[in-house]
Amino acid sequence: MTLFLGVLAVNCTSFIIYSPAGADWLRKHCPIITGHVAIGPLKDNSTTQHISLDGVEVIEGSFGNYYVDIWNPLDDQPYFTLSSSTLREVRGEVDFGTSPTKLQNLTLPNLKTVNTDFQVGRYARDITYLDITSLESVDYFSLAAPNITTFRHRSLRNATYVKVHTTQIDSLDIVSDSRLNLKYVDLAGPFPNIKNIPVGFTSAEKLFIRADASVTLGGPSTTNMTIGSLSLSGGVSDLKRSTKLESLRVDSLDLSSSISIPHLEIPFDNLRALTLKQLYEAHPVKDITLPPQAVNWTGGFELDISNAPELNLTSMYRTDDQNNRVQTWYWPTNISSIRISDTNLGNAFLYVFPFLLHSRHNGLPADIAIPSSPSKMPLWTALILHQC
């Protein structure tokens, strides 16, 4: 091993950068680094350090800050910035902030590909500026630095997992590209500067959104969208469908007590399972609209609603603003199960079921048979039905 101006190095393999001078040597001699690059510990803590890696194009290993225990206050470390206008590929992981760091600014505008993980974690508490404008391809993307206010990025085109937790950024367009086919998306606020979250990928196996914002399904160029499991909580205030979407299919929709949608419209072309569990003190959902196309939903519809005392399930009809009686709930023809408890439930809401009208023939217990006249059932009535 050889020590060059604050860089511990073996040829152009793996480097530990201790100072701006060490970074300067590295960027002038090693456009391609065949190993790992770690930033710190930095030796001069008298002032903010500016680390430039202009000239480095490829890092074949990992790239990140040196590891310290999460309770380390880094009192002996300076604040620093890190930039490279030439870095285009990291074949290992990029990891800043899954352990404490005093990084303030990360500027990698031409980084296009990270083969494994890109993470700016919650222990990067001092970073306010992140520029990864060109990043298109990554396996796992995670952004959780709580004080980022400026985030420069166009959109991902190839990814498997995307996670964005509490930040100060003003856009979540990161999952708006129609070329994305994802396994897991986790968007968890609070996001105080975001009012609407656009979701524009083509498919995702699981999508979790916990944020005080509206959600729009469908991006600028998305025509078809498929979601396996969609879970909304954390104050989500509206669920909308882009007018450009030709097809929107969701296997299961799970709504928690913390959503803030009093009039919930289900804008899907197919839905297999709808779950609403209002377990806490807030009970905002007052009515739910199932569209006419629900009649043709396939897969065996499952409805599970509990602890929703303000939800009105007394009828399939409501009176609109012009005092017209309109149907707002259309039952799917193919139904697997219904579980409703602790909710305002009326027989008129259930009256059209062929299998309910012949409940005794289907082996349903006598105490949940539906009377012939559609009168309102009392609150806290439990209904558990399974089609035979």
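Residues numbered from 1 in each chain as written. Predicted model: local features only at pLDDT ≥ 70, side-chain atom pairs only at ≥ 80, totals over all residues. Heavy atoms only, no water.

Participant: So what exactly am I meant to see when it comes to the sheet that holds strand β14 (residues 129–131) here?
Facilitator: Adjacent strands of a sheet form backbone hydrogen bonds with each other and so pair up, either parallel or antiparallel. The strand order β6-β9-β12-β14-β16 describes an open sheet built from 5 strands, whose pairing is parallel. Of all strands in the sheet, those with a lone pairing partner are β6 (49–52) and β16 (150–152), marking the two edges. Neighbouring strand axes in the sheet, compared pairwise and without regard to direction, differ in orientation by 10° on average. Alignment of β14 against β16, held across 3 bridges, turns out to be parallel. Looking across to β16, one finds that aspartate 131 is bridged to arginine 152. (Pairing = 2+ DSSP bridges. Helix = DSSP H or I, 4+ residues; strand = E, 2+ residues; numbered from the N terminus. Axes fitted to C-alpha atoms, helices over the stretch in contact; angles between N-to-C directions.)

Participant: Would you mind showing me how to read the packing of aromatic side chains here?
Facilitator: Each aromatic ring pair is described using two quantities: the centre-to-centre distance and the angle formed by the ring planes. Within the structure shown, the criterion is met by 10 aromatic pairs. Centroid distance tryptophan 297 to phenylalanine 301: 5.8 Å. Interplanar angle 55°. Geometry classified as tilted. Note on tryptophan 297: relative accessible area 2%, which makes it buried. The exposure class assigned to phenylalanine 301 is buried, which follows from its relative accessible area of 1%. A centroid spacing of 5.2 Å and a plane angle of 65° characterise the contact between tryptophan 329 and tryptophan 331, whose relative ring orientation is edge-to-face. On the basis of relative accessibility, which here comes to 1%, the residue tryptophan 329 falls in the buried class. (Phe/Tyr/Trp six-rings, centres within 6.5 Å; stacked < 30°, edge-to-face > 60°. Buried < 20%, exposed > 50% of the residue type's maximum accessible area, 1.4 Å probe, protein only.)

Participant: How do you make sense of the pattern of salt bridges when you look at a structure like this?
Facilitator: When the charged atoms of two side chains with opposite charge come close together, those side chains can pair. For the structure on display, the rule yields 15 salt bridges. For aspartate 24, the salt bridge identified is with lysine 28, shortest N-O distance 3.0 Å. Here lysine 28 and aspartate 24 lie together in helix α1 (residues 20–29), a separation of 4 residues that amounts to about one turn. A relative accessible area of 26% places aspartate 24 in the partly exposed class. Judged by relative accessible area, lysine 28 falls into the exposed class, the value being 57%. (Salt bridge = Lys/Arg side-chain N within 4 Å of Asp/Glu carboxyl O.)

Participant: Please explain unusual backbone geometry as it appears in this structure.
Facilitator: Of all residues except glycine, most have a negative phi; of all peptide bonds, most are trans. Cis peptide bonds are those with omega within 30 degrees of zero, and the linkage from glycine 40 to proline 41 qualifies with 5°. Among the structural elements, proline 41 can be located in the loop between β5 (37–39) and β6. Even without a glycine there, the phi angle at asparagine 323 is positive, about 65°. Examined against the element boundaries, asparagine 323 turns out to sit in the loop between β29 (317–319) and β30 (325–327). With a phi close to 55°, aspartate 342 is a non-glycine residue in the positive phi region. As for its position among the elements, aspartate 342 is in strand β31 (residues 335–345).

Participant: Hey, could you run me through the sheet that holds strand β19 (residues 196–199) in this one?
Facilitator: With respect to topology, 3 strands assemble into an open sheet ordered β19-β21-β23, the strand pairing being parallel. Strands at the two margins of the open sheet, each flanked by one partner only, are β19 and β23 (238–241). Direction aside, the axes of adjacent strands within the sheet are offset by 20° on average. In this sheet, strand β21 (residues 214–217) lies alongside β19 in parallel orientation, the contact comprising 4 bridges. Opposite asparagine 196, over in β21, you have serine 214 as the bridge partner.

Participant: Before we go on, may I ask you to explain the state of the cysteines in this structure?
Facilitator: Applying the stated rule across the entire model yields 1 disulfide. Bridging cysteine 12 to cysteine 30, the disulfide has an S-S length of 2.0 Å. Classification of the bridge connecting cysteine 12 and cysteine 30 rests on its S-S torsion, roughly -80°, and on that basis the disulfide is left-handed. Linking cysteine 12 in the loop between β2 (7–9) and β3 (15–17) with cysteine 30 in the loop between α1 and β4 (32–33), this pair joins segments that are 18 residues apart in sequence. Assessed through its relative accessible area of 23%, cysteine 12 is described here as partly exposed. (Disulfide = S-S within 2.5 Å.)

Participant: For this particular structure, what's the right way to read the environment of histidine 165?
Facilitator: Note on placement: histidine 165 falls in strand β17 (residues 161–165). Along the chain, histidine 165 and alanine 145 lie 20 residues apart, while their C-alpha atoms are 7.8 Å from each other. Among the polar contacts listed, one links the side chain of histidine 165 to the side chain of aspartate 186, at a separation of 3.0 Å. (Polar contact = N/O pair within 3.5 Å; in protein donor to acceptor, adjacent residues only side chain to side chain.)

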